[in-house]
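# Fold and geometry: a report
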Amino acid sequence: MKEYFLKAQNNFLCNTSYPLNKENWLKYKKEDYDLFKNENCLNFYIHIPFCKKLCAFCEYTKYPKRDAEMEEKYVDILEKDIDKFIDDHTKFILYGLDIGGGTPTSLDNEAFNHLMRICKKIINDSELVEDFEPSIEGTFETIDENKLRKIYNAGFRRISLGIQTMNLDILKKNNRENLGIDDILQKCKLIKKVGIEKINIDFMYGLEGQTLKDLDDAISLVKSMDVEQITLYEMRYNLISKNKKINRQYLYEQYEYIYNELMKLGYCAYFGQNTFSKNESDLGLSSYLRYRMIDNVSYKGFGISAQSKSKIGMSYNIGKTRRSLEDCLKYNSFIAEDLYVLPKEELLAKYIAISMYYGKFKISIMKSIINEDPLEYYKNEFEFLIKNDYVEIKNDEVILTKKGFKYYSAVGALFYSKNVKTYLLGCDN
């Protein structure tokens, strides 16, 4: 167990992504299968892949903006796919709806207005969970009063905006630009003016060349903005380049520094969580993220490369393999390019990987997936983790300790399936 933990700790493949390689799941692949035929609790995710600039540190599928006609065609296809899915699955409760990217707010006005009409229809026509809270991602330079009012009128009261860093040299090196501090503060006032109640700001740590001064600059901006929520993203160079080495100590120290500073500003989170909130009860998450990460509620993804997960399997829409935009659009549907019906061990490993963002996972959900007592099924793993102070168990929750957070990727790797563990053991670090 110790040898395997060390192997996972030093392997660039291990993080919150699972499986490690699509070949790990080839034997579970299906050509055509309805993963959601028996689901009555769902989240929706809509992927908008367009950006004004393609940031070098972004690991997601994205394309440069080109023309309004192509964006409108993209949204037309989205609408058809969403309508068809809802027609085929009429009885479900909607727990969350998130729009991500890319940069959803970079869409030209006509396509953006169309997207907001689609979302408004989804929200108005669906049975919603009581704490339903949809959210949309954007950047400060792509929002204006018109788009913000459209967002509000569609039913959104939470917006998540990426800043990542205020270091101009790092931004330039990664092909990104931010507005100046004064303009950012004015946009925050505008967001509140139109009635959007929650602003979440995304920051990154572990960027190449990032120093404690850079982190201080980000903390100073947070203090000036006084936003409701902050999300910290660890720079995962390993998903972009296999040549980058992972310095866990460096990442841990940067997280620890930001965590302590955000606590001083009145944000709530426990050590190891990547979301911070002024309101302890909402955990700094939209309802899509709350139910997806914490309660294992199934999610259906729409758009190029969007991921879907049900109680029986997963799928990835066309575009995950870096196809061209034109190639993806020609099908007039963002079909599932890779679809897998998975055994319980794989489903559990995926749940644990997703929950690593949150720093906790639930024993009761593990039990619901494997239909056995997880403390017995994973007896050796739990004994190792507890003995070495990597996790603690409180009631129904398995919680990363401070020591465990430093090696969160290896903690999660202990719950990989036997098939994927064998693959990992055969990999070079």
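Position numbers for residues count from 1 along each chain, tracking the sequence in the order it is written. Where totals are concerned, whole chains, interfaces and linings use all residues; where local detail is concerned, this predicted model gives features only for residues with pLDDT of at least 70, and gives and counts side-chain atom pairs only at 80 or more. Water and hydrogen atoms were dropped before computing side-chain values, which therefore reflect all heavy atoms in the structure.

## Considerations on the overall build of the protein
Our working definition: In this description a helix means any DSSP run of H or I spanning at least four residues, a strand means any run of E spanning at least two, and both kinds are numbered starting from the N terminus. We compute the radius of gyration over the C-alpha atoms and compare it with the globule rule, which gives 2.2 Å times the number of residues raised to the power 0.38. When accessible area is computed with a 1.4 Å probe and restricted to protein chains, residues below 20% of their type maximum are described as buried, those above 50% as exposed, and intermediate ones as partly exposed. Here, residues are in contact when the closest pair of their heavy atoms is within 4.5 Å. All accessible areas in this document rest on Shrake-Rupley with a 1.4 Å probe, and a residue is counted as covered only by the protein chains that are shown. In this tally, Lys and Arg are treated as positive and Asp and Glu as negative; His is ignored, and so are the chain termini. The atom standing in for a charge is NZ when the residue is Lys, CZ when it is Arg, CG when it is Asp and CD when it is Glu.
Across its full length, the protein carries 17 helices and 18 strands. Relative to the compact-globule value of 22 Å for 429 residues, the protein shows a C-alpha radius of gyration of 21 Å, a close match. Each of the three principal axes of the protein carries a C-alpha extent, and together these read 55 × 50 × 40 Å. Counting every position in the protein, which comprises 429 residues, the buried fraction comes to 59%. Taking the contacts inside the protein whose residues are at least 6 apart along the sequence as the reference set, 74% of them involve residues at least 24 apart. By element, 48% of the accessible surface of the protein is carried by carbon and sulfur atoms, the whole surface being about 18,800 Å². Of the charged side chains in the protein, 63 are positive and 64 negative; the average position of the first set lies 2 Å away from that of the second.

## Description of the packing of helix H2 (residues 68–88) against helix H3 (residues 109–125)
Definition in use: Each axis is a line fitted through C-alpha atoms, and for a helix only the stretch in contact is used; angles between axes span 0 to 180 degrees, taken between their N-to-C directions. In these notes the angle categories are as follows: under 35 degrees is roughly parallel, over 145 is roughly antiparallel, 65 to 115 is roughly perpendicular, and the rest is oblique. Note that Gly is not counted as nonpolar here; it falls among the polar residues with everything else outside the nonpolar set of Ala, Val, Leu, Ile, Met, Phe, Trp, Tyr, Cys and Pro and the charged set of Asp, Glu, Lys and Arg.
Close contact between H2 and H3 brings their axes to 9 Å; oriented N to C, the two are set at 10 degrees. Between H2 and H3, the angle is such that the two are roughly parallel. For the pair H2 and H3, contact is made by Glu71, Glu72, Val75, Asp76, Leu78, Glu79, Ile82, Asp83 and Ile86 and by Glu110, Ala111, His114, Leu115, Ile118, Lys121 and Ile122, respectively. Tallied by class, residues from the contact of H2 with H3 come to eight nonpolar, one polar and seven charged.

## Quick notes on the pattern of salt bridges
Which entries qualify depends on this criterion: Here, a salt bridge means any Lys or Arg side-chain nitrogen found within 4 Å of an Asp or Glu carboxyl oxygen.
In the structure shown here, the tally under the stated rule is 29 salt bridges. Residue Arg149 pairs with Glu145 through a salt bridge whose shortest N-O separation is 2.8 Å. Here Arg149 and its partner Glu145 are both found in helix H4 (residues 145–154), four residues apart, which amounts to about one turn of the helix. Residue Glu261 pairs with Lys264 through a salt bridge whose shortest N-O separation is 3.0 Å. Of this pair, Glu261 and Lys264 both sit in helix H8 (residues 248–264), three residues apart, roughly one helical turn. Residue classification places Glu261 among the buried residues on the basis of a relative accessible area of 18%. For Lys264, a relative accessible area of 64% gives the class exposed. Taken together, the shared-partner salt bridges in this structure form one network comprising Asp131, Glu133, Lys198, Asp282 and Arg290.

## Topic: the nonpolar core
Defined as follows: Side-chain atoms within 4.5 Å link the members of a nonpolar core, which is a set of buried Ala, Val, Leu, Ile, Met, Phe, Trp, Tyr and Cys residues.
Counting 138 residues, the largest nonpolar core has Ile46, Leu115, Met116, Ile159, Ile201, Ile230 and Phe415 as the members making the most contacts within it. If you tally residues by element for this core, the top one is H3, at eight residues. If you look at the next biggest cluster of nonpolar residues, it comprises six residues, including Cys55, Ile170, Met204 and Met235.

## Digging into the state of the cysteines
A covalent bond between the sulfur atoms of two cysteines is referred to as a disulfide. Rules: Disulfide assignment relies on a single distance test, namely cysteine sulfur atoms paired within 2.5 Å.
Using the criterion set out here, one finds zero disulfides in the structure. Cysteine Cys55 shares no disulfide, and the gap to the nearest cysteine sulfur, in Cys51, comes to 6.6 Å.

## What about the environment of Met225?
Relative to the helices and strands, Met225 resides in helix H7 (residues 212–225). Distance from Met225 to Ile181, taken between C-alpha atoms, is 9.3 Å for residues 44 residues apart in sequence. In this view, Met225 contacts Phe140, Ile163, Ile184, Leu185, Cys188 and Ile201; residues no more than four positions away in its chain are not counted.

## Quick look at helix H1 (residues 2–9)
Listed as buried for H1 are Tyr4, Phe5, Lys7, Ala8 and Gln9. Close packing links the buried residues of H1 with H8, helix H14 (379–387), helix H16 (408–413) and helix H17 (418–425).

## Some remarks on the packing of H7 against H8
This is how it is decided: When the near helix sits turned anticlockwise from the far one by under a right angle, the crossing is termed left-handed; a clockwise turn instead gives a right-handed crossing.
Running from N to C, H7 and H8 cross one another at 25 degrees; their axes reach a closest spacing of 11 Å. Taken together, the axis directions place H7 and H8 in an arrangement best described as roughly parallel. You can see that H7 and H8 cross each other, and the crossing is right-handed. Across the interface between the two elements, Leu212, Leu215, Asp216, Ile219 and Val222 of H7 pack against Gln254, Tyr257, Ile258, Glu261 and Leu262 of H8. In terms of residue class, the contact of H7 with H8 is made up of seven nonpolar, one polar and two charged.

## Side note on unusual backbone geometry
Tyr18 connects to Pro19 through a cis peptide bond whose omega is 5 degrees. Looking at the secondary structure, you find Pro19 in the loop between H1 and strand E1 (29–30). Cis geometry marks the peptide bond from Gly101 to Gly102; its omega dihedral reads 20 degrees. Mapped onto the secondary structure, Gly102 falls in the loop between strand E5 (93–101) and H3. Backbone geometry places Asn395, a non-glycine residue, at a positive phi of 55 degrees. Judged by its relative accessible area of 79%, Asn395 falls in the exposed class.

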